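If you want the building blocks of each chain, they are given just below.
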Amino acid sequence: MVQEELVANLDTSRGSWSSKIGFVVAAAGSAIGLGNIWRFPYVAGQNGGAIFVIIYIFFVVLIGLPVMISELAIGRNTTKNPVGAFKMLFPNSLWKVIGGLGVITGIGILSFYAVIAGYTVGYFIKIVLGDFARIESAAQAGEIFASFTANPFISIGLLFLFVLLTVLVVMGGVSAGIERWSKILMPILLLLLILLAIRSITLPGAEQGLIFYLKPDFSKFTLTTLTWALGQALFSLSLGMGTMITYGSYISKKDNLVTSAGYVCFFDTLIAILAGLVMFPALFAMGMDPAGGPKLVFVVLPSIFAKMPGGMIFGAGIFLLLAVAALTSTISLLEVPVAYFVDEHGWKRKKAVILMGSVTFLMGIPSALALGANHFLTNFIKENFGFLDFMNALFGNYSLSIGAFFIAIFAGYQWGTKAVANEVEQQGNIFFLRRLWIFSIRFICPLAIFVILAYIAWTGNYF
Ligand code: TRP
């Protein structure tokens, strides 16, 4: 009786998804965000265009999908946060350290992610105020962005605002907030991107951009292309730090984890590819540098709006949706440390959320000053590779790659492929492509990730 009550209590305080669609939408909401629309195009632009895109897609299928299935299975089996999950499956082992790395990575990513997310809110406001109504060139759009981010009060204020929004939603619990929002808004985002892509592709001079984006130039291939493609695939799919373990812990046993993961990977990749189709044709049509870095979307999008009838309404819409897409991602980033402190240390949800939110905000300040407000932070590693880029590479590429490596080892060898298959096959579900998954999680994932990380460590070419 007491036991039952306890279980019931735990259940309501953790929450759960209302249906399979609910989970897919929420997980897609976590996956789809600035990673697709801000990070993917600029990283692709810096890493050779089409050749990067091809490798990226390979990594999504061969590494992303198998790791996602593993994370979901671990989460659903244990119904725990990453640290608790590893602890439960292998008590008194070092595996919980990997969960701990995930908790730290969540805060690390959130700290710079919320800065960029804050800028999307700022851009929404700027567009509504008419700041872009009269721009004539991409250079002008670039100047507007530069002076905007050079203001420390605006940058820190917007960071604060976005962390606050995330804190408020996460405080409200799991399914209610996240699901409801994502279900309505993600399809609208997809539609707007399609319209923007059409406008971009039909600009005079757009062909060069399509060639850059779609026709691989093998001479542009370098080994750092691999690091960024791997990091980008994991980042975009929210893998390698236990987000999907935490989300998996809320999925019903009735759902097929393989098809759920498949949907999430498909939609996430679709949105990223579309974002590239918006960005590159316009970029080349306006004679900009595809390797322009983090400012890319903020310069290219307003330049496209300026060339569309009703462009500013469009612009306001897209930045608002981007902010919402970012919010459904920041929620999932904050949820990992919060679930950890609630489950493992018995903290009240409210206390965990407020404390983690505060830490994130403080950690985010140097990133907020790294796009022009502070000279040292703006050129932290090298000229124009600032503190934000540093955090992005450190947490967004390396932490996630290390996490994904160990998750693959864990699922492939330690917990074992039988245990994962058992979890997937709950309630008569079919494990589609099971042999392929086994091969990938045991051999392709660990080997590919290891080789890439070893190469980076060996050459010292970290950034
Ligand atoms: N995937 C999200 C995006 O593309 C960002 C994100 C949310 C994330 N949760 C994550 C990245 C966990 C890595 C790990 O915008």
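Residues numbered from 1 in each chain as written. Predicted model: local features only at pLDDT ≥ 70, side-chain atom pairs only at ≥ 80, totals over all residues. Heavy atoms only, no water.

A.B. asks: Where do I start with the overall build of the protein in this structure?
C.D. replies: Along the protein, the regular secondary structure elements total 20 helices and zero strands. Seen through its C-alpha atoms, the protein measures out along the principal axes to roughly 70 × 45 × 40 Å. With 463 residues in all, the protein has 58% of them scored as buried. The contacts in the protein between residues at least 6 apart in sequence include a share of 82% that link residues at least 24 apart. A total of about 18,300 Å² of accessible surface is found on the protein, and carbon and sulfur atoms cover 69% of it. Of the charged side chains in the protein, 27 are positive and 20 negative, and the gap between their average positions amounts to 4 Å. (Helix = DSSP H or I, 4+ residues; strand = E, 2+ residues; numbered from the N terminus. Buried < 20%, exposed > 50% of the residue type's maximum accessible area, 1.4 Å probe, protein only. Contact = heavy atoms within 4.5 Å. Areas by Shrake-Rupley, 256 points an atom, 1.4 Å probe, with all protein chains shown as cover. Lys, Arg positive; Asp, Glu negative; His and termini not counted. Charge placed at Lys NZ, Arg CZ, Asp CG, Glu CD.)

A.B. asks: So what exactly am I meant to see when it comes to empty space enclosed by the protein here?
C.D. replies: One water molecule sets the probe size; rolling that probe over the atoms shows where empty space is left. Taken as a whole and judged by the stated rule, the model has three cavities of 30 Å³ or more. If you add up the space inside the largest cavity, you get close to 140 Å³. If you trace the largest cavity, you find 16 residues lining it, with S30, I109, F235, S238 and L333 closest to the centre. Here the residues of the lining of the largest cavity sort into nine nonpolar, seven polar and no charged. (1 Å grid on protein atoms, 1.4 Å probe; cavity = no way out; pocket = protein on both sides within 12 Å on 5 of 7 lines; lining within 4 Å. Points joined across faces, edges and corners; volume = space filled by probe spheres on them. Nonpolar A, V, L, I, M, F, W, Y, C, P; charged D, E, K, R; others polar.)

A.B. asks: Just to check I follow, could you spell out the packing of aromatic side chains for this structure?
C.D. replies: The description of two aromatic rings rests on the distance between their centres and on the angle between their planes. Overall, the coordinates contain 40 aromatic pairs when judged by the stated rule. Note on W38 and Y42: the rings are 5.4 Å apart at their centroids and 55° apart in plane angle, and the pair reads as tilted. Placement of both W38 and Y42 in helix α3 (residues 34-46) is noted, with a separation of four residues, approximately one turn of the helix. Each member of the pair, W38 as well as Y42, is classed as buried. Measuring from ring centre to ring centre gives 5.2 Å for F212 and F284, while their planes differ by 40°; the resulting arrangement is tilted. Residue F212 is found in helix α10 (residues 207-214), and its partner F284 is found in helix α13 (residues 257-285); the two are separated by 72 residues along the sequence. For F284, a relative accessible area of 24% translates into the label partly exposed. Aromatic ring contacts, followed pair by pair, group F86, F90, W95, F405, F406, F410, W415 and F450 into a single cluster. Above the face of the F235 ring, R39 is positioned so that its terminal group lies 4.3 Å from the ring centre. Sitting over the ring of W347, K351 keeps its end group 4.4 Å from the ring centre. (Phe/Tyr/Trp six-rings, centres within 6.5 Å; stacked < 30°, edge-to-face > 60°. Lys NZ or Arg CZ within 6 Å of the ring centre and 35° of its normal.)

A.B. asks: Even after reading the chapter, I still don't get unusual backbone geometry, so can you show me in this structure?
C.D. replies: Note on backbone geometry: most residues besides glycine have negative phi, and most peptide bonds are trans. Non-glycine residue T79 carries a positive phi angle of around 45°. Within the secondary structure, T79 is located in the loop between α4 (50-78) and α5 (82-89). Backbone geometry places N384, a non-glycine residue, at a positive phi of 60°. In this structure, N384 sits in the loop between α17 (375-378) and α18 (387-414).

A.B. asks: How do you make sense of the confidence of the model for the protein when you look at a structure like this?
C.D. replies: When pLDDT is averaged along the protein, the result is 92, and 95% of the positions lie at 70 or above. Low confidence marks residues 1-12, where pLDDT is under 50. Its contacts with residues over four positions away, or in another chain, come to zero contacts. (pLDDT = per-residue confidence, 0-100.)

A.B. asks: Could you clarify how one ought to interpret the environment of A404 in this entry?
C.D. replies: Position of A404 among the secondary structure elements: in helix α18. It is 25 Å that separates the C-alpha atoms of A404 and V359, two residues lying 45 residues apart in sequence.

A.B. asks: What is the right way to look at helix α15 (residues 311-345) in this model?
C.D. replies: At 3.6 residues per turn, the α-helix brings residues three or four places apart onto the same side. Over its 35 residues, α15 runs 50 Å from end to end, which matches the ideal 51 Å to within 8%, given 1.5 Å per residue. If you look at α15, its biggest bend is around 30°, right at E335, and the proline P337 turns up within four residues after that. Here α15 lies mainly inside the structure; 27 of its 35 residues are buried. Looking one or two residues beyond α15, the residue adopting positive phi is G346, at roughly 65°. (Expected span 1.5 Å × (residues − 1). Bend = angle between axes of the 7 residues up to and from the residue.)

A.B. asks: It is not clear to me how the site of the ligand should be interpreted in this structure. Could you clarify?
C.D. replies: Near the ligand, the surroundings consist of 17 residues, among which A31, G35, Y113, F235 and S238 are the closest. Within the contact set of the ligand, an oxygen atom lies 2.8 Å away from a backbone nitrogen or oxygen of A31. Taking 360 Å² as the accessible area of the ligand by itself, protein coverage stands at 100%. Here the ligand occupies the largest cavity. For the shell around the ligand, the elements supplying multiple residues, two or more each, are α2 (20-31), α3, α6 (95-128), α11 (223-236) and α15. Class assignment of the residues belonging to the shell around the ligand gives a composition of eight nonpolar, nine polar and no charged. (Near = heavy atom within 4 Å. Polar contact = N/O pair within 3.5 Å; in protein donor to acceptor, adjacent residues only side chain to side chain. Sits in = over half its atoms within 2 Å of the grid points.)

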